[in-house]
There are 2 protein chains.
Amino acid sequence: MEKKSNKVKPSILSGFMELLPREQILFNRMLETIKRTYELFGFIPLDTPAIEKAEILLAKAGGETEKQIYRLKKGDADLALRFDLTVPLARYVAQYYPELAFPFKRYHIAKVYRGERPQKGRFREFYQCDIDIIGDCDLDLANDAEIPSVIYEVFRRLGFSNFTIRLNNRKILNGFFASLGIGEKAVDIMRAVDKLEKIGQREVEKELLGLEIPESTIKKLLSFISIRGGVKDSLASLKKLEIKNELFLQGVSELEKVVEMVSMFGVPKENFAIDLTIARGLDYYTGTVYETILNDYPGIGSVCSGGRYDNLAENYTDKKLPGVGISIGLTRLFPQLLEAGIIKPSSGTIVRVMVVPLTDKIEKAIEIASALREKGIPTAIYLEEVKPAKIFKYADRIGVPFIAIIGDDEIKENVVSLKNMETKEQKKLSLEEVYDMVA
Amino acid sequence: MEKKSNKVKPSILSGFMELLPREQILFNRMLETIKRTYELFGFIPLDTPAIEKAEILLAKAGGETEKQIYRLKKGDADLALRFDLTVPLARYVAQYYPELAFPFKRYHIAKVYRGERPQKGRFREFYQCDIDIIGDCDLDLANDAEIPSVIYEVFRRLGFSNFTIRLNNRKILNGFFASLGIGEKAVDIMRAVDKLEKIGQREVEKELLGLEIPESTIKKLLSFISIRGGVKDSLASLKKLEIKNELFLQGVSELEKVVEMVSMFGVPKENFAIDLTIARGLDYYTGTVYETILNDYPGIGSVCSGGRYDNLAENYTDKKLPGVGISIGLTRLFPQLLEAGIIKPSSGTIVRVMVVPLTDKIEKAIEIASALREKGIPTAIYLEEVKPAKIFKYADRIGVPFIAIIGDDEIKENVVSLKNMETKEQKKLSLEEVYDMVA
């Protein structure tokens, strides 16, 4: 009589990303590169709970956030999962203000949660890789110029070269809107303008009409945001508009200084540009804003965005804490890079060598493995029953580049038979030679 | 007229750990050491969603787990936060079985969630640092012996020397219980025995009486689990009991082989021992079990535990997938190590050098910083208005060991004034000399 199986079908929730080992290794390498670069620029690590009080995360509630947030009760407590890393940062600096040194430069690489409708490229759990520089009362504009140099270095180290960091300043937009007499609608207008690349000019026009903006004003608006050309030309075009609005002029002056310093910070001319269409949907940005486009894959959208905000933690403290920061959403980016063939999961395993003891005596295998590990070489020992065909298949599947075989002969001769799994070449080598080969 | 403040008080939930920067840096270094060591032994990284279907996580429901689990609804979906990394691993290997190569060796370092009553050292969100080796049908006993060598290497690299990895085998316990005719109560007995160190012999006796075990049997039980002495003596004592139960004999034989191999795997004699009181509370262990004790701080309890299980994924698949693994609960361990003074948060920041441009011209500062970064030295540039006293205070607070000052003189002479923040010594140096000093 057969017992009825009552197994639970193994599966994960839709909208959640999970990777197979080779993809995971690649993903982690990219995370590591981002982390390492952030640290090189002097950002220190931070970690905050993924669950916080709902009143904290929803202090500045608003439409989408409240709808998308994962909320839960435990006893009487009203909890929620963080939906970004900026709100927890704001809470953190407000909470520990007396114990922190400002400018406070931190990076935070962690998962955040948004119950969005699952669709291609949108995940409900995703990594954000954030850096922010928070000042106490003031924060020099030079920080706005250093940020693009971090973006540049991250993407360079990730292996990209043809990308553009687009810069704008919200004061230019806000000042321009004010000069047109539509200042109080600035936030809504910027939300619409921000979609230009995604939905096209006609749809943006429709949205603007929906905001009851006169057609003549919309025309001015669209001709303004279509200012193109190099950094110098763009700035010249902006000045030629002869707008007297103070905020506008301040924005132009800030943008001019920032782009000048961005060069000083070592970002090549071809890797940054002024783009007046960039507004960033979020309404807390108040100055410089950034987007980053892979020029060969504009469809992926911005791969790194952020900006300057006047007052990070206003929901939690009276302290004025201006800051500037960016975020890389690696979980969204990763499958698109894979699909476009820009990155490849076949780049291998972390294991460099698998030591295979052919005899019962595993001491020699352990000795070799320990010696390689002492030198920093990730090394596995094959400890199962030895069936050569099976071992080679296994080595191929996990993608290990070298197998070190140790049989009676090798023990006698005090050598290792090292097989290169790519070239299929096999050689008897001393431990030193093995190290030179696999390092 | 003053506006009424309606700030939300910045705070986190009780039972959640959050660290200040210096502690966080130390915590991350420890995580990094654990990760690096796991990789050196050939474990590959895995990452799974923190949220899973409740039916998956509760497939093998049971008392505490169901009470402690964070459960939430989103739309119609019944979700929960993972409470360990083993259940997600079981689900993962069952789900992707055809695409994985076995033995499947993975590490997973991530947060898990348990709504326990908050108390000292118990956190509701905590990191687990797990490794497991999963076989397909079979998994050689040698793997049980390799695991202690990983534990040894991790704690050695974390800076510990006086610790003992305690080994036992559940078959010995189960066989012994069967020989006493109390086999069907084995799980409950082991749960009670497992608490010996925590609650003392008398309380354990009470619990055993509560299980309706005859007093004479309890006596035998307690004299059995108090077998002490070196590895050889313990094995000899076990054999002297002359118990004929087959499972018992198999357990003794396994334990004997494992401890013999543990030596071969390079674990010094003083760092492991047999301890028959170790049962591990979880009932899925079926063979070797481990605990690790810091001998100078036995009160901390086991800092690394685990064991062998016959059938990892039986709730999700018919495949027989035996495995062996361990877990380090770093979040619980960390504050205890701090409190005992075993680790110290003052060990610094990740930033090695802060470059301070005294002039308006920041190019030279950027040049120095870029050169140091290219050599892998984490370097920050001080970009705020220069007030020397403030800068030194800032440098002290963030704990940066070196400040590189660049003024007009330094630019003229093509040098850097490097100040050692500890010795307060300041010297004019070339870039090469700076590098040698700070590397």
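Because the structure is predicted, anything quoted here is derived from the model rather than measured. Residue numbers restart at each chain and count upward from 1, following the sequence in its written direction. Just so you know, chain letters begin at A and ligand numbers begin at 1, following the order they were written in. Where local features are concerned, this predicted model is filtered to residues with pLDDT of at least 70; where side-chain atom pairs are given and counted, the filter is 80 or more; whole-chain, interface and lining totals use all residues. As a rule here, side-chain values come from all non-hydrogen atoms in the structure, and water together with hydrogens is ignored.

Looking at the overall build of chain A
Selection criterion: In this text, helices come from DSSP runs of H or I with a minimum length of four residues, and strands from runs of E with a minimum of two, each type numbered from the N-terminal end. Here's how the labels work: a residue is buried when its accessible area is under 20% of the maximum for its type, exposed when over 50%, partly exposed in between, all with a 1.4 Å probe on protein chains only. Only heavy atoms matter for contacts: two residues are in contact if any of them lie within 4.5 Å across the pair. What sets the accessible areas is the Shrake-Rupley method with a 1.4 Å probe; for residues, cover comes only from the shown protein chains. By the counting scheme adopted, Arg and Lys are positive, Glu and Asp are negative, and His together with the chain ends is not counted. By convention, the charge on Lys lies at NZ, on Arg at CZ, on Asp at CG and on Glu at CD.
Tallying secondary structure elements over chain A gives 17 helices and 16 strands in all. With the principal axes as the frame, chain A shows a C-alpha extent of 90 × 60 × 50 Å. Per-residue burial for chain A yields a buried fraction of 56% across its 439 residues. Taking contacts inside chain A between residues at least 6 apart in sequence as the whole, the part at least 24 apart equals 68%. Carbon and sulfur atoms make up 49% of the accessible area of chain A, which amounts to about 19000 Å² in all. In chain A, which carries 64 positive and 64 negative side-chain charges, the distance between the mean positions of the two groups comes to 4 Å.

Considerations on the pairing of strand 5 (residues 104-113) of chain A
Strand residues, when the strand is regular, have side chains that alternate between the two faces of the sheet. All names here are of chain A. Operational definition: Two strands qualify as a pair provided DSSP detects at least 2 bridges between them.
Burial runs high along strand 5: nine of the ten residues are buried. Strand direction decides the pairing type here: strand 1 (residues 44-45) and strand 5, joined by two bridges, are parallel. Residue Ile44 lies in a different strand from strand 5, and its bridge partner there is Arg106. Across ten bridges, the pairing between strand 5 and strand 6 (residues 125-134) is antiparallel. What sits directly across from Tyr107, in strand 6, is Ile131.

Overview of empty space enclosed by the protein
What counts here: A cavity here means a set of 1 Å grid points, computed over protein atoms only, where a 1.4 Å probe fits but cannot escape. A pocket is an open set with protein on both sides within 12 Å along at least 5 of 7 lines, and lining residues have an atom within 4 Å of a point. Grid points are joined across faces, edges and corners, and a volume is the space filled by probe spheres set on the points. Following the grouping adopted for this structure description, the nonpolar residues are Ala, Val, Leu, Ile, Met, Phe, Trp, Tyr, Cys and Pro, the charged ones are Asp, Glu, Lys and Arg, and the polar ones are all others, Gly among them.
Enumeration over the complete set of coordinates arrives at three cavities of 30 Å³ or more. Estimates place the volume of the largest cavity at around 150 Å³. Around the largest cavity sit 17 residues that line it, and Gly42, Pro103 and Lys105 of chain A together with Tyr394 and Ile398 of chain B are the ones nearest its centre. At the level of elements, strand 5 of chain A together with strand 13 (379-381) and helix 15 (388-398) of chain B are the ones that each hand at least two residues to the lining of the largest cavity. Tallied by class, residues from the lining of the largest cavity come to twelve nonpolar, three polar and two charged.

A few points about unusual backbone geometry
With an omega of 5°, the peptide bond between Phe102 of chain A and Pro103 of chain A qualifies as cis. Inspection of the secondary structure puts Pro103 of chain A in the loop between helix 4 (86-95) and strand 5. Located in the positive-phi region is Asn414 of chain A, a residue other than glycine, with phi close to 55°. Looking at where Asn414 of chain A falls in the secondary structure, it is placed in the loop between helix 16 (408-413) and strand 15 (416-420). Phi at Cys137 of chain B is positive, roughly 75°, even though this residue is not glycine. Mapped onto the fold, Cys137 of chain B is located in the loop between strand 6 (125-134) and helix 5 (142-157). Its relative accessible area of 40% is what places Cys137 of chain B among the partly exposed residues.

A word on the packing of helix 7 (residues 186-193) of chain B against helix 9 (residues 201-210) of chain B
All names here are of chain B. Filter applied, for reference: To get an axis, a line is fitted to the C-alpha atoms, and for a helix only the part in contact is used. The angle between two axes follows their N-to-C directions and goes from 0 to 180 degrees. For classification purposes, an angle smaller than 35 degrees is called roughly parallel, one larger than 145 roughly antiparallel, one from 65 to 115 roughly perpendicular, and anything else oblique. Take the far helix as the reference: if the near one is turned anticlockwise from it by less than a right angle, the crossing is left-handed, and if turned clockwise, right-handed.
One can describe the packing of helix 7 onto helix 9 by two numbers: an axis separation of 9 Å at closest approach and a directional angle of 165°. In terms of their interaxial angle, helix 7 and helix 9 are classed as roughly antiparallel. Here the hand of the crossing between helix 7 and helix 9 comes out right-handed. Together, Ile189, Ala192 and Val193 of helix 7 and Val204, Glu207 and Leu208 of helix 9 make up the contact between the two elements. Taken together, the residues of the contact of helix 7 with helix 9 sort by class into five nonpolar, no polar and one charged.

A short note on the relation of the copies chain A and chain B
Filter applied, for reference: The atoms used to superpose the copies are C-alpha atoms, taken from residues with pLDDT of at least 70 in both, and the fit is least squares.
With an RMSD of 0.1 Å, the operation that places chain A on chain B is a rotation of 180° combined with a shift of 0.0 Å along the axis. Accordingly, the operation relating the two chain copies is best matched by a two-fold axis. Taking C-alpha positions as reference, the residue of chain A nearest the rotation axis is Leu72 of chain A, located at 2.7 Å. A shared interface surface links the copies, since 100% of the contact residues of chain A are contact residues in chain B too.

A look at the environment of Arg157 of chain B
Following the sequence through the fold, Arg157 of chain B ends up in helix 5. Put simply, Arg157 of chain B and Ile368 of chain B are 211 residues apart on the chain and 33 Å apart in space, counted from C-alpha to C-alpha. Once you skip the residues sitting within four places of it in the chain, Arg157 of chain B turns out to touch Arg373 and Glu374 of chain A together with Thr33, Thr37 and Leu40 of chain B.

Some details on helix 14 (residues 363-374) of chain A
Residues and elements named next belong to chain A. Which entries qualify depends on this criterion: For a helix, the expected span equals 1.5 Å multiplied by the residue count minus one.
Helix length check: helix 14 (twelve residues) gives 16 Å between terminal C-alpha atoms against 16 Å at 1.5 Å per residue, within 8%. What helix 14 keeps buried is the set Lys364, Ala365, Ile366, Ile368, Ala369, Leu372 and Arg373. Phi turns positive one or two residues past the end of helix 14, at Gly376, with a value near 90°.

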